[in-house]
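Working through the structure, step by step
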Amino acid sequence: MADDRELLCFSDSLEEDDEKEQCRNENVKELGPSHDNSISLVAAISTIHPRSSEVSGEDVPDGCFNSSFKDSDEEESSEKVGNSIFYVDSQQESPSDENRGQLNMLSAAYESLDYDTCVNGAWLDEERTKGYTFVVKKDVARWLVVLVTAVLTALVGCFIDITIESLSKFKYTWLKKYTDYGVENEALIIPYLLWVALNIGPTLVAGYLGSYVEPVAAGSGIPQVKCYLNGVKVPRVVRIKTLASKAVGVTMSVLGGLAVGKEGPMIHSGAVIAAGVSQGKTTSFKYDFGFFEYFREDHEKRDFVSAGAAAGVAAAFGAPVGGVLFSLEEGASFWNQALTWRVFFGAMMSAFTLNLVLSAYNGVPGKLTYNGLLNFGKFEDLTYEIWEFIPFLLMGVMGGLLGALYNFINFKLTQLRMRYITRPWQKVAEAVLVASTTASVAFLMIYGLHDCRKIEDETSRSDHYPIQMFCNDGEESAVAAIWFQTPEKSVRSLFHDPSKSFEWVTLSVFFGCYFLLACWTYGLGIPSGLFIPTLLCGAAWGRLTGKLMTLLFPGQSWLDEGKYALVGAGAMLGGVVRMTISLTVILMECVGNITFGLPLMIVLMVAKWVGDFFNEGLYDIHIQMQGVPIMAWDAPPLSNNIYASEVLNRPVTTLHTVEKVSRIVEILKSCTYNGFPVVDSIPTEEEAGNFKSYGTLRGLILRSQLTVLLKHKIFNENTHVWENSKVDIRLFRLSYPRYFTLQEVDLTEEDLECTIDLRPFHNPSPYSVVSCTPLPRMFNLFRALGLRHLVVVNDSREVVGMVTRKDLVKYRVWKHRGQMGLEELVIYDNVA
């Protein structure tokens, strides 16, 4: 049996490195090379490697390419097994400029959330003391937190919507006035310069907020929320400062005329509100309200963030069910029935509150006709013939192709930004350039395209700004009708404007220009959403498809250009973000027609399949470019030949059950580990050097717990601290989430000679595995239980190593154009 274990690279005693390397090489030789066009998923080594210079003759995706990388002394080597490539090196400090922005890197700067509850002595004392009354109190408080979160999220949405509507009315009224003046006096330079100025002004504010004040507020925020729900601690993602920058910034971005929407940032806003309300304090303003202290742990906070994200979806789209499915599909690994009910309740209350406020604001209180910020309008007759599934399928294919192209272009642009546009002023300058370019493109389209249509019922719409340009009296420019309104209203126009409202050339040029502008805009240092620009691009080419169908089948009653615009919008959005379940339900709820759910679902599925053939969804691409160690739903296939003995970290820093303060301080100063196994005996340096065990496992204690103990001087020699009953779980909750740093701990020479009994505070039953545990089993433990640390022990329950999230995530499957393989990612201290 010992020989078998030695062959498989996982013996309890963990043989010397040269023996293990020889064992790995034998395994690689046995696996052999794969044939052309075959699928090979092989993993055979455990060290972390950067990529070599090239992969010749193989069709692999962007980011899976090997990039030239040299050490100061020697060139690094790589080994290729079939479609799987592994590289020999240790962890790097940061990637070179030419390698920054690749998809094959992980950042060590991201830590995992402590989702697993630490059931230690202090926690058990609270449970025994407070009893079932406390359980009921916490359950009622959870519902209250969700309700408050939903109401506040809806109010933030109302603030954004009302501000945009009021200021955009002023903007476009002013633009219409001076455009008409410029046409009459042949001075079109005046409205053009005014348009550029009105775009640059708000964009400067948005750029300042997203580049200087709070950089994490830039973008839609959905990738960051997705990472947080997955169990990754993204710095500053749920701060109140982030919420203020996001809400004001996205308002300014939309007013700046950029190809952005306000719906995506609503999801991030809801998550921030949930995180803040549930803690009962604000660390930004250093004020503690003194309630909800029992929710100050990652387990509870992450559940509330799930509810906040769902409330944001409900407020943005008027889609409560879609919000629940979004939280479930896009991140939350832990889910149960009680959480589902609370999340759904929050989503419903958010949609109701927003509906109530907007209805009152628009002069129809109580009518409740404003379901969400994004209003598709009412489709009078949204029916379809059975044979229309054929064009719907083709539109799904088109959406997947265009989505893959969109993602590829944006990926390349983001790479350039990460390499060359790194300073805040450069990000603001780029945003200003995009804003002025958008105004210039719009003005040139209005000036150069002669597409006139009759003005119908101008007085019925207060948000309609007809621009005559060079049209006859009683007519308006159809091109100006698209540009002289917010993107949300442009989407609604393409859905509901009568047939022949837009000419072929108008829709074609608009789609081409807006597609490129949207690619350029997403990823700027401004708060911005992705949904609306993508929907608008899809609605444009979908309406072109409707015009083509009208040309092929003239006079048919079932033909409706708006219907095909809706299908095109869904196909385009699905091809870019690759969401399926939640996106289908969101679109169904926006449309308000369940009969059309099947075509939408089929289109979204086809768009996802076609897009996945070329690259991943845009959110996933940006997550990978930032090096976030996000866990997939399942472990890499065919990875059962990778064992805990190959992925573990060693040597392991351990602590005694009763430890000296000076040694704890020395350990915290000398290493950055966040978890330390507590053992009954610590091995000698010789034993540790031979990779023997590090002592019999008694528990696990976190760095944050140690700093709290040191800060409050919970020493065995300080009997007065124990006598006054000040030592309880509340000490740790009061310092959550920004625990003390070692620099904030003031210790005297006498304190350093004291000792700490760790047994009441460490987790006495941490999850552990033996060294022969395969990677999929460890992966499932991390994914389902939200673990941060996993202790590896031998048959005698002696510690031999530690496994963290990054040790598992670094094994990732790549898929591209029908091929797939297993790659091992490079881990850097920071990829930014």
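Structure report, in brief.

On to the packing of aromatic side chains. Within the structure shown, the criterion is met by 36 aromatic pairs. Measuring from ring centre to ring centre gives 5.5 Å for Phe170 and Trp174, while their planes differ by 35°; the resulting arrangement is tilted. Of this pair, Phe170 and Trp174 both sit in helix α3 (residues 121-184), separated by four residues, roughly a single helical turn. Taking relative accessible area as the criterion, Trp174 reaches 31% and is therefore assigned partly exposed. An aromatic cluster is built from Phe134, Tyr287, Phe289, Phe291, Phe292, Tyr294, Phe295 and Phe304, whose rings are joined through pairwise contacts. Here the guanidinium or amino end of Lys130 rests over the ring plane of Phe134, the centre of that ring lying 4.6 Å away.

We now examine the state of the cysteines. One pass over the structure, following the stated rule, counts one disulfide. Across the disulfide, Cys452 is cross-linked to Cys471 (sulfur-sulfur distance 1.9 Å). Sign of the S-S torsion, about -85° for the bond between Cys452 and Cys471, identifies this disulfide as left-handed. Residue Cys452 is located in strand β8 (residues 452-454), and its partner Cys471 is located in the loop between β8 and β9 (475-477); the two are separated by 19 residues in the primary sequence. Note on Cys471: relative accessible area 9%, which makes it buried.

For the rest of this paragraph, the subject is the pattern of salt bridges. For the structure on display, the rule yields 30 salt bridges. For Lys262, the salt bridge identified is with Asp161, shortest N-O distance 3.7 Å. Here Lys262, found in the loop between α6 (240-255) and α7 (263-279), pairs with Asp161, found in helix α3; they are 101 residues apart in sequence, far enough to count as distant. Comparing Lys262 with Asp161, the two get one shared label, buried. If you follow the salt bridges from partner to partner, you end up with Lys138, Asp139, Arg142, Glu300 and Arg342 in one network.

What follows covers the environment of Glu380. With respect to the helices, strands and loops of the structure, Glu380 is situated in the loop between α10 (337-361) and α11 (389-420). Residues Glu380 and His496, 116 residues apart in the sequence, show an inter-C-alpha distance of 9.4 Å.

We now examine the sheet that holds strand β17 (residues 799-804). The strand order across the open sheet formed by three strands is β15-β16-β17, and the pairing between neighbours is mixed. Because the sheet does not close on itself, it has two edges, and the strands there are β15 (768-770) and β17. Taken over all neighbouring pairs, the strand axes of this sheet differ in orientation by 30° on average, direction set aside. As defined by bridge partners, strand β16 (residues 789-793) adjoins β17 across five bridges and the pair is classed as antiparallel. Following the sheet pairing, Val793 is matched in β17 by Val799. In the packing of helix α28 (residues 775-785) onto the sheet, contacts are made with β15, β16 and β17, and the angle to β16 comes to roughly 145°.

Our next topic: helix α9 (residues 320-329). Along α9, seven of the 10 residues are buried, which leaves the element largely enclosed by surrounding structure. Those residues of α9 not exposed but buried are Pro320, Gly322, Gly323, Val324, Phe326, Ser327 and Glu329. Those residues of α9 that are buried are in contact with α5 (222-230), α7, α8 (298-317), α10 and α18 (581-591).

Side chains on a regular strand alternate between the two faces of the sheet. Across the six residues that make up strand β18 (residues 811-816), a large majority, five, are buried. Examined bridge by bridge, β18 and strand β19 (residues 819-824) share six bridges and lie antiparallel to one another. By the bridge assignment, Arg812 is partnered in β19 with Glu823. Count of turn residues in the β18/β19 antiparallel hairpin: two residues, of which Arg817 carries a positive phi of about 50°.

Let's shift gears to the packing of α11 against helix α19 (residues 597-612). Between α11 and α19, whose axes approach to 7 Å, the crossing angle comes to 40°. Taken as axis vectors, α11 and α19 run oblique relative to one another. Taken as a pair, α11 and α19 cross one another with a handedness that is right-handed. Residues Phe389, Phe392, Leu393, Gly396, Val397, Gly399, Gly400, Leu401 and Ala404 of α11 lie in contact with α19, whose contacting residues are Leu598, Pro599, Ile602, Val603, Val606, Ala607, Val610 and Gly611.

Thresholds, definitions, all that
- Residues numbered from 1 in each chain as written.
- Predicted model: local features only at pLDDT ≥ 70, side-chain atom pairs only at ≥ 80, totals over all residues.
- Heavy atoms only, no water.
- Phe/Tyr/Trp six-rings, centres within 6.5 Å; stacked < 30°, edge-to-face > 60°.
- Helix = DSSP H or I, 4+ residues; strand = E, 2+ residues; numbered from the N terminus.
- Buried < 20%, exposed > 50% of the residue type's maximum accessible area, 1.4 Å probe, protein only.
- Lys NZ or Arg CZ within 6 Å of the ring centre and 35° of its normal.
- Disulfide = S-S within 2.5 Å.
- Salt bridge = Lys/Arg side-chain N within 4 Å of Asp/Glu carboxyl O.
- Pairing = 2+ DSSP bridges.
- Axes fitted to C-alpha atoms, helices over the stretch in contact; angles between N-to-C directions.
- Contact = heavy atoms within 4.5 Å.
- Parallel < 35°, antiparallel > 145°, perpendicular 65-115°, else oblique.
- Left-handed = near helix turned anticlockwise from the far one by under 90°.

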